[in-house]
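In case you want the letters, here they are:
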Amino acid sequence: AQSVAQPEDQVNVAEGNPLTVKCTYSVSGNPYLFWYVQYPNRGLQFLLKYITGDNLVKGSYGFEAEFNKSQTSFHLKKPSALVSDSALYFCAVIPGDQAGTALIFGKGTTLSVSS
Amino acid sequence: DAGVIQSPRHEVTEMGQEVTLRCKPISGHDYLFWYRQTMMRGLELLIYFNNNVPIDDSGMPEDRFSAKMPNASFSTLKIQPSEPRDSAVYFCASSLGQARFGEKLFFGSGTQLSVL
């Protein structure tokens, strides 16, 4: 079955420290990968995407993610965390060999940045 | 543009009642998605439309759920009869083209459904 795993329910970091939110996937074909963020009582917002090309992609608010095909991972990173980064983060994928366009989402990781 | 608009924001109903959730996508977007979010199962795709036509409804839990898109600016998700296990946040999202080509999904603020 096609799936996305976010192995950590919660990640805690101190402001100013680097952060990593992990994502691994299991899909057929070459994947299309995405990160979305959800703030309390809001819908999800797009952060960044990997479609093809450079394995390191940069997105909104200083976030970046690296596509690693051999490890089937797409971890989200930021060099210096802000308290305002605290939110729920979702990794999502579209299997490369499917004609459909609907994203398959992971369960989400809550990021908590302390001051 | 006002973004994706969902109504109501909150819905509390009793088991057995009919519930209708509404969504207005961003003007010009040709894809519309309905997702359900729960603590246990995360974010699940229920159904999506392309140019008002349902493309994949394999995520619809059972026959109690139905979705329509009568025109490009309106969609409904109906649950009849509702059950307590339907309690969740229901999100509508729209996009201009396919995500596999890099198009973003724009989400509404969701409808918090509580079935007592």
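Since the structure is predicted, the reported quantities are computational estimates derived from the model, not experimental observations.

With reference to specific residues and values, describe unusual backbone geometry.
Most peptide bonds take the trans form, and the phi angle of most residues other than glycine is negative. With omega at -10 degrees, the peptide bond leading from B:Ser7 into B:Pro8 counts as cis. Secondary-structure assignment places B:Pro8 in the loop between strand E1 (5–7) and strand E2 (10–13). That bond from B:Gln80 to B:Pro81 is cis: its omega, -5 degrees, falls within 30 degrees of zero. Following the sequence through the fold, B:Pro81 ends up in the loop between strand E8 (74–79) and strand E9 (88–95). One non-glycine residue, A:Thr72, adopts positive backbone phi at about 45 degrees. Mapped onto the elements, A:Thr72 comes out in the loop between strand E8 (64–68) and strand E9 (73–78). The exposure class assigned to A:Thr72 is partly exposed, which follows from its relative accessible area of 31%. Despite not being glycine, B:Asn51 shows a phi value in the positive range, around 50 degrees. Take B:Asn51: it is sitting in the loop between strand E5 (42–50) and strand E6 (53–56).

Let's hear about the state of the cysteines: which residues, and what values?
All names here are of chain A. Counting across every chain of the model gives 2 disulfides over all chains. Residue Cys23 pairs covalently with Cys91 via a disulfide, S to S 2.0 Å. Torsion about the S-S bond of the Cys23 and Cys91 cystine: about -65 degrees, corresponding to left-handed handedness. Separated by 68 residues along the polypeptide, Cys23 in the loop between strand E3 (19–21) and strand E4 (24–26) and Cys91 in strand E10 (residues 87–94) bring together distant segments of the chain.

The rules behind the values
Residues numbered from 1 in each chain as written. Chains lettered and ligands numbered in written order. Predicted model: local features only at pLDDT ≥ 70, side-chain atom pairs only at ≥ 80, totals over all residues. Heavy atoms only, no water. Helix = DSSP H or I, 4+ residues; strand = E, 2+ residues; numbered from the N terminus. Buried < 20%, exposed > 50% of the residue type's maximum accessible area, 1.4 Å probe, protein only. Disulfide = S-S within 2.5 Å.

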